[in-house]
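Descriptive analysis of the structure
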Amino acid sequence: LAKTTQPISMDSYEGQEVNITCSHNNIATNDYITWYQQFPSQGPRFIIQGYKTKVTNEVASLFIPADRKSSTLSLPRVSLSDTAVYYCLVGDMGRLTGGGNKLTFGTGTQLKVEL
Amino acid sequence: DAGVTQSPTHLIKTRGQQVTLRCSPISGHKSVSWYQQVLGQGPQFIFQYYEKEERGRGNFPDRFSARQFPNYSSELNVNALLLGDSALYLCASSLVLSVNTGELFFGEGSRLSVL
């Protein structure tokens, strides 16, 4: 699975837009990019997944440039409740290999939102 | 609808003992995965089971074993516990084998402390 690099921590204020960038220089053709959110003592929660260009859902947007060597998770108008660790994952998720999911989490980005 | 449920939520064991952790996936989900999360790190993949068969194994010693039952619930067993086994053990379920076509849903975990 492609290794990912993301900032260890970020600080923001309520109401601001937060962009967390993840580098994955060795991404393979079959790899998807997935982001998870984790609160203390809870399991990670799926946020968004994409393959290329832009994906948007009710909570976030994911921007993926043409070379797919990086991706940016965008959280609009964050609130205190968005304080959490955000993980960027890259992998083929077993779709083509039939090997099932073997998600590889890094250390994530600790986002702290203040008033 | 009930999410992924895990039991027990917390437990304390001593070195050398054995522990069994249990997981009930979301109704209808046939795939269950286990992850170990040490404090300050991201979750690390241990096992995946799909339709009662092992479909993936992470880099963990043979002291770790798991199984999936006909009702798709799962157990993770760890023998000869070491201090380093202290962690949050997460169970995740998905509708299908791979997560390209579906999301991975995590439970809140079982917090194991080995003394």
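Everything below is about the structure shown above.
Computed from a predicted structure; not experimentally measured.

1. Overview of the overall build of chain A
Helix and strand content of chain A: 0 helices and 9 strands. Helices (α) and strands (β) of chain A occur, in sequence order from the N terminus, as β-β-β-β-β-β-β-β-β. Looking at the 115 residues of chain A, the share that counts as buried comes to 48%. Of the contacts formed within chain A by residues at least 6 apart in sequence, a portion of 59% connects residues at least 24 apart.

2. So, the nonpolar core
Among the nonpolar cores identified, the biggest contains 22 residues, and B:Trp34, B:Ile46, B:Leu76 and B:Tyr89 are the most heavily contacted of them. Of all the secondary-structure elements, those providing two or more residues to this core are β3 (19-24), β4 (31-37), β5 (44-50), β7 (64-68), β8 (74-78), β9 (87-94) and β11 (110-114) of chain B. Grouped together as the second largest cluster of nonpolar side chains are 20 residues, A:Ile20, A:Ile47, A:Leu73 and A:Leu111 included.

3. Remarks on the sheet that holds strand β3 (residues 32-38) of chain A
Residues and elements named next belong to chain A. Pairing in this open sheet of 5 strands is mixed, and the strands run β1-β9-β8-β3-β4 from one edge to the other. Only two strands of the sheet have a single neighbouring strand rather than two, namely β1 (9-13) and β4 (45-50). Averaged over neighbouring strand pairs, the angle between their axes works out to 25 degrees when direction is ignored. Sheet topology note: the β1/strand β9 (residues 109-114) ladder contains 5 bridges and is parallel. When the bridges of β9 are listed, aspartate 11 appears paired with lysine 112.

4. With respect to the pattern of salt bridges
Two side chains that carry opposite charge are able to pair once their charged atoms sit near each other. Residues and elements named next belong to chain B. With the rule as written, the count across this model stands at 6 salt bridges over all chains. Here glutamate 51 ties to lysine 30 by a salt bridge, and the two come within 3.4 Å at their closest N and O atoms. Separated by 21 residues along the polypeptide, glutamate 51 in the loop between β5 and β6 (53-57) and lysine 30 in the loop between β3 and β4 bring together distant segments of the chain. For glutamate 51, a relative accessible area of 28% translates into the label partly exposed. One salt bridge in this structure joins lysine 52 and glutamate 51, with 3.8 Å as the shortest N-O distance. What makes lysine 52 partly exposed here is its relative accessible area of 38%. A single network of salt bridges, built from pairs that share partners, joins Arg22, Arg67 and Glu75.

What counts, and where the lines are drawn
Residues numbered from 1 in each chain as written. Chains lettered and ligands numbered in written order. Predicted model: local features only at pLDDT ≥ 70, side-chain atom pairs only at ≥ 80, totals over all residues. Heavy atoms only, no water. Helix = DSSP H or I, 4+ residues; strand = E, 2+ residues; numbered from the N terminus. Buried < 20%, exposed > 50% of the residue type's maximum accessible area, 1.4 Å probe, protein only. Contact = heavy atoms within 4.5 Å. Core = buried A, V, L, I, M, F, W, Y, C linked by side-chain atoms within 4.5 Å. Pairing = 2+ DSSP bridges. Axes fitted to C-alpha atoms, helices over the stretch in contact; angles between N-to-C directions. Salt bridge = Lys/Arg side-chain N within 4 Å of Asp/Glu carboxyl O.

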